[in-house]
Amino acid sequence: MSRRIDTDVAVIGGGLVGSSAALALRGMGLSVALLDKGFCGAQASGVNYGGVRRQARPPEQLPLSQRAHAIWPRLKALIGSDGEFLRSGHLKLARDEADMASLEAYAISVSSFGLDLELVGHNQLRERFGINGDVVGGSFCPGDGHANPRLVATGFAAAARRAGAEVLENTPVTGIARTSDGFAIEAAGGVTLTARTVINSAGAWADQFARDVGEPVPLIRTYPSMVVTEPLAPFLGVNIGMEGGGIYARQVARGNFIVGGARATALDDPDFSRPGSDGVLGIMRRASGLFAELRHAHAIRFWSGTEGTMPDRNPVIGPSSTTPGLVHAFGFSGAGFQISLGVGEVLAELVRDGRSSTPIDAFAIDRFKTTSHDGDARP
Amino acid sequence: MSERAQPLIVGAGPAGIRAAMALVAAGLLPVVVDEAPHCGGQIYRQPPVDDGRDARARYGSEAAKASRLHRDFAALTERIDYRPQSLLWNLRDGVADLARDGVNHRVSFDGLILATGATDRVLPIPGWTLPGVFTLGGAQIALKAQGCAIGSRVVFVGSGPLLYLVAWQYQQAGVTVAAVLDSAPLAAKFNLVRGLPLAPPIVLRGMRMAAELRLRGTAIHFGVESVRIEGTTRVEAVVFQSGRGGRRLACDGIGYGLNLRSETQLADLAGCAFRYDPRDRAQLPVRDSSGRSSIPGVYLAGDSARIAGADAAECGGERAALALLEDRGLPHDRAQAIALEAELRKVDRLRDVLEAAFPYPSHWADDIADDTLLCRCEEISAGEARQAIKDFSLTELNRLKAVSRVGMGRCQGRVCGTAAAELLARETKRDIASVGRLRAQPPIKPIAFSMLSDDETSERQHEPAH
């Protein structure tokens, strides 16, 4: 059974980046084929923690993050579901004075971006947020929040489909060749495509496509560990993180408490992973130390997924430096959920206009170009 | 060179007990993990404290088998590492995590025999979550282990040999059994004639039970459809269609079940390959006639990989242990292995007959009303699941879970997974074999957030006493 599709844009990878780009491109009237090797939104986009935060991002990500920030409240209109998005605020906690000092330094360094960060002391943590653990203070970003990644990621792909994108699931791309006026793509199931433009939004699998066009990138795979409790009475109204890492947590409207803060390990098939016992026991212990409400709670479910991570923790976004018509967007390093919605729009602009109205120079793929002989990547 | 780790047996029911015996007989010292406080599994479950009833009162015709297994296992206790009341919640690369009394214990093992048994299979019907509705297995355990009935005027609904067995046991215990509502037509029971030469005592006993039920005033309705359980705060009546018309029976307890389903989560965590089994209408871990799974060193015994009942579980447990011994290069009784496999094949033929006589009413899933609860943990109705399937063009069970939360709650799909798969297959007009299966993740059952790890407790023990 073979099938031939001629399209303006072929998007490889139906995660949040690829499917939000597909939806934006459809909005511009371009024809789009969205290909995924499995199911759209089933990898990092759908199985991440669900933090919708600008706070703690490096300054170079903030223009893009602000662009995404404006899209999140419009989800219902955009994809037909609010994705359980809750503008709860994001509270980054400091364990000690040194951590508090770095939160203060961060607040100063990003003061021009309009995040409205508010530094709060220990007493306020207790009074305003009900946090009694061993923390000295925190930094609160009132406009941040959290959402349900499973709904948002799948929702964008479904919306792109409704908007007329050709969505091909379980269709891994097996070959891409440059032609005189674009690309010829071969995919599983006898699918062949011609496209003027290709977007490589293949997440943790994107490095193979970059390598094929002579742009190797030092992408590694990381796997988060998430723990979910049974529904509990509401006790945590904000999305919390910890300076220096170790724990992040939120409570959803239904009452389930979701907490992460350790890596999981890959299975024999490295496309799949599972949280390890030590990791989750550590997460549960740290969370119990912070919230007395968890003392009698049960963990009903863990989850993990596959994320593509770059050594400098910044994504790759922008045109290929070797192949005209190819645009990369991957490597969001475990922090792509919030920002992806802006990335989709930027990618659509790059395809249509050849340029982005939001600065993305810091994410150029050629920053990994090596001049030395040993092939070491330099951030 | 460190000593080779011992094998791990999960489950101390008939399969686990026989497996442990065979390993001990070969000089091994297996770890035996079981969630229950006492051995026996669900079928030969023992009371938490002695309640004065003897084995005959508790297990009826199966008393001799139950007593022998309990006795045999008791004789092993010095030679096995027995971990009762322990939940094996995670499994990987020769290491298992066991939760017991709020403490996590880590056990290394070499060789794994999964004898995790089965639980009731149900399809949602209106009112199935009302207080007073129990699964057939749950109703039986209440009686067997606790000496309690689920009501004073009880109706049993569903399909399977257990339907008649539990009804009969309740009647014997002096409970008013108002009716047995069998989803299968009476004609299906003629299949039992084929089963007579295979296992005369079993088939005859079943027929005698049905006759005794009738004789003592319990109505038996066949070909029952459109069952609805009514009540405001608890069960008050059951309404159903049978033959010519509709009926309503007042009752205060309902036992409901549609045969059993295998407990396969640990096989999944162990990496075993699964395939669709038409007889059980389920995705099951693959095992060969010896009980070997697709993963070297992992063996599947008893109902854990296909429903075959307690007698087969005893054979399968011992057979799997012999396979483990052979794979470990230890002496094993080849003739016994052959005899056990012959016995298992015989039971397998009987299961074909029983499945024909007590068929699973898969068509019940055709008309699960939109307002019927599909997933009780996450409170997702059939209508919400249908909507998600439509909105997101879903074709695969894990995707349905991801967007609708069906199967995401406390039971991790062990209760609703069957119905969710049926619903997805129907809505997408696909074969049930092609909609996939819910992937297992640890913890396979809920674990306490406050759980300590055993190294922490040993640190505590080292603290000076004051």
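These numbers were taken from a predicted model, which means no experiment stands behind them. Counting from 1, residues in each chain are numbered in the order their sequence is written. For this description, chains carry letters from A and ligands carry numbers from 1, given in the order in which they are written. With the structure being a predicted model, the display of local features is reserved for residues of pLDDT at least 70 and the display and counting of side-chain atom pairs for 80 or more, all residues being used for whole-chain, interface and lining totals. Side-chain numbers here rest on the full set of heavy atoms in the structure, without hydrogens or water.

To continue, consider the overall build of chain A. A run of DSSP states H or I qualifies as a helix once it reaches four residues; a run of E qualifies as a strand once it reaches two. Both are numbered from the N-terminal end. Tallying secondary structure elements over chain A gives 10 helices and 22 strands in all. Counting only C-alpha atoms, chain A reaches 65 × 45 × 40 Å along its principal axes. Considering chain A as a whole, with its 379 residues, one finds that 57% of them fall into the buried category. Working rule for contacts: check all heavy atoms of both residues, and any pair within 4.5 Å makes them a contact. Taking contacts inside chain A between residues at least 6 apart in sequence as the whole, the part at least 24 apart equals 72%. A 1.4 Å probe and the Shrake-Rupley method give the accessible areas. Residues count as covered only by the protein chains that appear here. Summing over all exposed atoms, chain A offers an accessible surface of approximately 14,600 Å²; the carbon and sulfur share of this is 51%. Residue exposure (1.4 Å probe, protein chains only): buried if accessible area is under 20% of the type maximum, exposed if over 50%, otherwise partly exposed.

Count 3.6 residues to each turn of an α-helix, and residues three or four apart come out pointing the same way. Residues and elements named next belong to chain A. The span you would expect from a helix comes to 1.5 Å times its residue count less one. Across its 14 residues, helix α7 (residues 149–162) extends 20 Å between first and last C-alpha, which sits within 8% of the 20 Å expected from 1.5 Å per residue. Across the 14 residues that make up α7, a large majority, 12, are buried. Along α7, the residues classified as buried are Pro149, Arg150, Leu151, Val152, Ala153, Thr154, Gly155, Phe156, Ala157, Ala158, Ala159 and Ala160. Whenever a nitrogen or oxygen atom comes within 3.5 Å of another N or O atom, the pair is scored as a polar contact, on the condition that within protein one atom can donate a hydrogen and the other can accept it, and that pairs from neighbouring residues in sequence are kept only if both atoms are in side chains. Among the residues of α7, the N-terminal cap falls to Asn148, whose side-chain oxygen and the backbone nitrogen of Arg150 are separated by 3.0 Å.

Let us now look at the interface of chain A and chain B. With 44 residues of chain A at the interface, the matching set in chain B holds 39 residues. Counting each side, the surface lost to burial between chain A and chain B is near 3,200 Å², with a carbon and sulfur contribution of 52%. The buried area of a pairing is the accessible area, by a 1.4 Å probe, that goes missing from both parts when the two are put together, added over both. On the chain A side of the contact with chain B, Arg254(A), Arg274(A) and Ile300(A) bury the most area, a combined 21% of that side's loss. A side-chain nitrogen of Lys or Arg and a carboxyl oxygen of Asp or Glu constitute a salt bridge if their distance falls within 4 Å. Inspection of the region where chain A meets chain B yields 4 salt bridges. Between Arg106(B) and Asp278(A) there is a salt bridge whose closest N-O contact spans 2.9 Å. Our count for the chain A to chain B interface comes out at 18 residue pairs in polar contact (both at pLDDT 80 or more). For the side of chain A that touches chain B, the secondary-structure elements that each account for two or more residues are α7, β13 (224–229), β16 (257–263), β17 (265–266), β18 (273–274), α9 (277–290) and β19 (298–303) of chain A. At 8 residues, the largest contribution of residues to the side of chain A that touches chain B is made by α9(A). Residue polarity follows a fixed list, in which Ala, Val, Leu, Ile, Met, Phe, Trp, Tyr, Cys and Pro are nonpolar, Asp, Glu, Lys and Arg are charged, and the others, Gly among them, are polar. In terms of residue class, the side of chain A that touches chain B is built from 21 nonpolar, 12 polar and 11 charged. Where β19(A) and strand β23 (residues 447–448) of chain B come together, 2 bridges link them in antiparallel fashion. Note: two strands are recorded as paired if DSSP finds a minimum of 2 bridges between them.

Our next topic: empty space enclosed by the protein. All names here are of chain B. A 1.4 Å probe that fits into a set of points on a 1 Å grid over the protein atoms alone but cannot get out defines a cavity; an open set with protein on both sides within 12 Å along at least five of seven lines defines a pocket, and lining residues are those with an atom within 4 Å of a point. Grid points are joined across faces, edges and corners, and a volume is the space filled by probe spheres set on the points. All told, the structure shown has 4 cavities of 30 Å³ or more when counted by the stated rule. A volume near 510 Å³ is recorded for the largest cavity. Lining the largest cavity are 28 residues, with Arg261, Thr264, Gln283, Arg437 and Leu438 positioned closest to its centre. Where the lining of the largest cavity is concerned, the elements lending two or more residues are β17 (260–262), α8 (265–269), β18 (274–277), β19 (282–285) and α13 (417–427). If you tally residues by element for the lining of the largest cavity, the top one is α13, at 4 residues.

Attention now moves to the sheet that holds strand β9 (residues 133–135) of chain B. All names here are of chain B. Read from one edge of the open sheet, 5 strands run β9-β16-β10-β11-β12, paired in parallel fashion. Strands with a single pairing partner mark the edges of an open sheet, and in this sheet they are β9 and β12 (219–221). Here the strands of the sheet are splayed against their neighbours by 20 degrees on average, with no regard to which way each runs. Between N-to-C directions, angles span 0 to 180 degrees; the directions come from axes that are lines fitted to C-alpha atoms, helices contributing only their stretch in contact. Sitting on the sheet, helix α5 (residues 161–172) touches β10 (153–159), β11 (176–182) and β12, and the angle it makes with β11 is about 170 degrees.

Moving on to the sheet that holds strand β15 (residues 245–250) of chain B. Backbone-to-backbone hydrogen bonds pair the strands of a sheet. The strands run either parallel or antiparallel. Residues and elements named next belong to chain B. Taken together, 3 strands build an open sheet; the order of strands is β13-β14-β15 and the sheet is antiparallel. Looking at strand neighbours, the two that pair on one side only are β13 (225–230) and β15, the edges of this open sheet. Strand-to-strand, the axes of this sheet are offset by a mean angle of 15 degrees, without reference to chain direction. The pairing of β13 with strand β14 (residues 237–242) spans 4 bridges and is classified as antiparallel. Of the residues in β14, the one forming a bridge with Arg228 is Val239.

Residue and element names in this part refer to chain B. For β11, the tally of buried residues reaches 6 of 7 residues, placing the bulk of the element in the interior. With the strands pointing away from the viewer, any crossover whose connection runs clockwise from the first strand over the helix to the second is right-handed. Taken together, β10, α5 and β11 constitute a β-α-β crossover, and its handedness is right-handed. Pairing analysis gives 3 bridges linking β11 to β12, with the strands arranged parallel. Bridge assignment links Ala179 to a residue of β12, and that residue is Ala219.

Residue and element names in this part refer to chain A. Most of strand β4 (residues 90–94) is tucked away: 5 of the 5 residues are buried. In β4, alternate side chains face the same way, and those of His90, Lys92 and Ala94 on one face and Leu91 and Leu93 on the other are all buried. As defined by bridge partners, β4 adjoins strand β6 (residues 137–141) across 5 bridges and the pair is classed as antiparallel. Along β6, the bridge assignment pairs His90 with Cys141. Judged from the 4 bridges that link them, β4 and strand β14 (residues 239–242) form a sheet pairing that is parallel. Among the inter-strand pairings, Leu91 is bridged to a residue of β14, identified as Ile240.

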